[in-house]
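Architecture at a glance
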Amino acid sequence: MPFVPGPSNIKGVQHYPIPPEQIESAVLIDQSQLDKSKLFSNRETYIKTLPQGLEYMEIGVAWGYYSKIIAESLSPSSIYLLDTYDQDQLCWSERKFGSCKCHPRHVQNYDKNGHKDFIEKEFLKYKNVNVISGDASRTTKNIDKKFDYIYIDIVNDRKKIQELLEIVKNLIKPGGVIGLNDYLIYDGIIEDSKYGTYQSVNEFLFLNKEWTVDGIALHPLGFYDIYLKKNIQNEY
């Protein structure tokens, strides 16, 4: 695929169309926003840096793997689980190859009609859990609460990630973090398609200098996480 140069002087959020056969290059993150960041071996290791009793939200829950680790290890004061809740439990390899190639193998416990019920049952034992169904760009606007950590793992559409970041940045406490899965520009493993998370994150940091990169977590197949910190005033 040919590359499209990214904008060299952003004065606002970009909405220009990128032809489907081309890839938009990203603006660079300022070095000052990277100076205190750390590299982690995986996203589970990054969780260990987060505070106990935090206010937590995940957008894009799937079968709840990540949020259960948060719930078990950090005892959150509240847990908000946002998803469209209309998917089955098939993993990416089963969707692509017709059978699960993961180790350990995934077992399907629900179909798309039972998605929300499954998550509600899985999180019954944890306190102050809110399972919210719908498009996150709409449901997040109805939440009047501040969070220590919001994790985003949804469709990697350029505009959707761009818009969601603008919404959830106002739901984060000073010193809090937004984590995003799939910080990459192209997926040649699962979908063979371009992703928009990388460009949207870099653009967000370009436009919001009070935010910095707290860390990046590696992944065996290159589906990295990035963690953006809302810095306390005058910290940087």
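Calculation rules
Residues numbered from 1 in each chain as written. Predicted model: local features only at pLDDT ≥ 70, side-chain atom pairs only at ≥ 80, totals over all residues. Heavy atoms only, no water. Helix = DSSP H or I, 4+ residues; strand = E, 2+ residues; numbered from the N terminus. Rg over C-alpha atoms; globule rule 2.2 N^0.38 Å. Buried < 20%, exposed > 50% of the residue type's maximum accessible area, 1.4 Å probe, protein only. Contact = heavy atoms within 4.5 Å. Salt bridge = Lys/Arg side-chain N within 4 Å of Asp/Glu carboxyl O. Phe/Tyr/Trp six-rings, centres within 6.5 Å; stacked < 30°, edge-to-face > 60°. Lys NZ or Arg CZ within 6 Å of the ring centre and 35° of its normal. Axes fitted to C-alpha atoms, helices over the stretch in contact; angles between N-to-C directions. Left-handed = near helix turned anticlockwise from the far one by under 90°. Nonpolar A, V, L, I, M, F, W, Y, C, P; charged D, E, K, R; others polar. Core = buried A, V, L, I, M, F, W, Y, C linked by side-chain atoms within 4.5 Å. Patch = residues over 30% accessible without salt bridge, like charges linked within 9 Å, V, L, I, M, F, W, Y side chains within 5 Å. Areas by Shrake-Rupley, 256 points an atom, 1.4 Å probe, with all protein chains shown as cover.

**Considering the overall build of the protein**
The helix and strand tally for the protein stands at 7 helices and 12 strands. Rg of the C-alpha trace for the protein: 18 Å, near the compact-globule value of 18 Å for 236 residues, within the 12% margin. Projected onto the principal axes, the alpha-carbon positions of the protein cover approximately 50 × 45 × 35 Å. Looking at the protein as a whole, 43% of its 236 residues qualify as buried. If you take every contact in the protein between residues at least 6 apart in sequence, the share linking residues at least 24 apart comes to 64%.

**Some details on the pattern of salt bridges**
The tally for this structure, following the rule as stated, stands at 8 salt bridges. Linking Glu24 and Arg158 is a salt bridge whose minimum nitrogen-to-oxygen distance equals 2.9 Å. With Glu24 in strand 2 (residues 23-24) and Arg158 in helix 6 (residues 158-168), this residue pair connects regions lying 134 residues apart in the sequence. The same class applies to Glu24 as to Arg158, namely buried. Between Glu166 and Lys169 there is a salt bridge, and its shortest N-O distance comes to 3.1 Å. What makes Lys169 buried here is its relative accessible area of 17%.

**Structural notes on the packing of aromatic side chains**
Two aromatic rings, taken as a pair, are described by how far apart their centres are and by the angle between their planes. The full count for this structure, using the stated rule, is 10 aromatic pairs. Among the aromatic side chains, those forming a connected cluster through ring pairs are Phe40, Tyr46, Tyr56, Tyr66, Tyr149, Tyr151 and Tyr227. Between Lys209 and the ring centre of Phe206, over which it is positioned, the NZ or CZ distance is 4.7 Å.

**Notes on unusual backbone geometry**
Although it is not a glycine, Ser75 sits at a positive phi angle of roughly 45°. Mapping Ser75 onto the fold places it in the loop between helix 2 (65-74) and strand 5 (78-83). A residue is classified by how much of its surface remains accessible, and Ser75, at 43% relative accessible area, is partly exposed. A positive phi angle is found at Asn128, which is not glycine, with a value near 55°. Mapping Asn128 onto the fold places it in the loop between helix 4 (115-122) and strand 6 (129-133).

**Digging into the packing of helix 6 against helix 7 (residues 197-207)**
For the pair helix 6 and helix 7, interaxial distance at closest approach is 8 Å and the crossing angle is 35°. For the pair helix 6 and helix 7, the sense of crossing is right-handed. Residues Arg158, Ile161, Gln162, Leu165 and Glu166 of helix 6 lie in contact with helix 7, whose contacting residues are Thr197, Gln199, Ser200, Val201, Glu203 and Phe204. Considering only residue class, the contact of helix 6 with helix 7 consists of 4 nonpolar, 4 polar and 3 charged.

**Comments concerning the nonpolar core**
Within the largest apolar cluster, 26 residues are counted, with the highest numbers of intra-cluster contacts made by Met57, Ile59, Ile150, Ile152, Leu165, Leu180 and Leu228. Secondary-structure elements contributing two or more residues to this core are strand 4 (55-59), strand 5, strand 7 (147-152), helix 6, strand 8 (172-180), helix 7, strand 11 (211-217) and strand 12 (225-230). With 4 residues, the top contributor of residues to this core is helix 6. When residues no more than four places from it in sequence are discounted, the contact partners of Ile59 are Leu82, Ala136, Thr140, Ile150, Tyr151, Ile152, Asp153, Ile154, Leu164 and Val168. Listed in part, the 25 residues of the second largest apolar core include Leu50, Tyr66, Leu74 and Tyr126.

**A look at a nonpolar patch on the surface**
Residues Leu39, Leu218 and Tyr224 make up a contiguous nonpolar surface patch of about 280 Å² in total accessible area. By the secondary structure assignment, Leu39 is in strand 3 (residues 38-40). Since its relative accessible area comes to 62%, Leu39 is described here as exposed.

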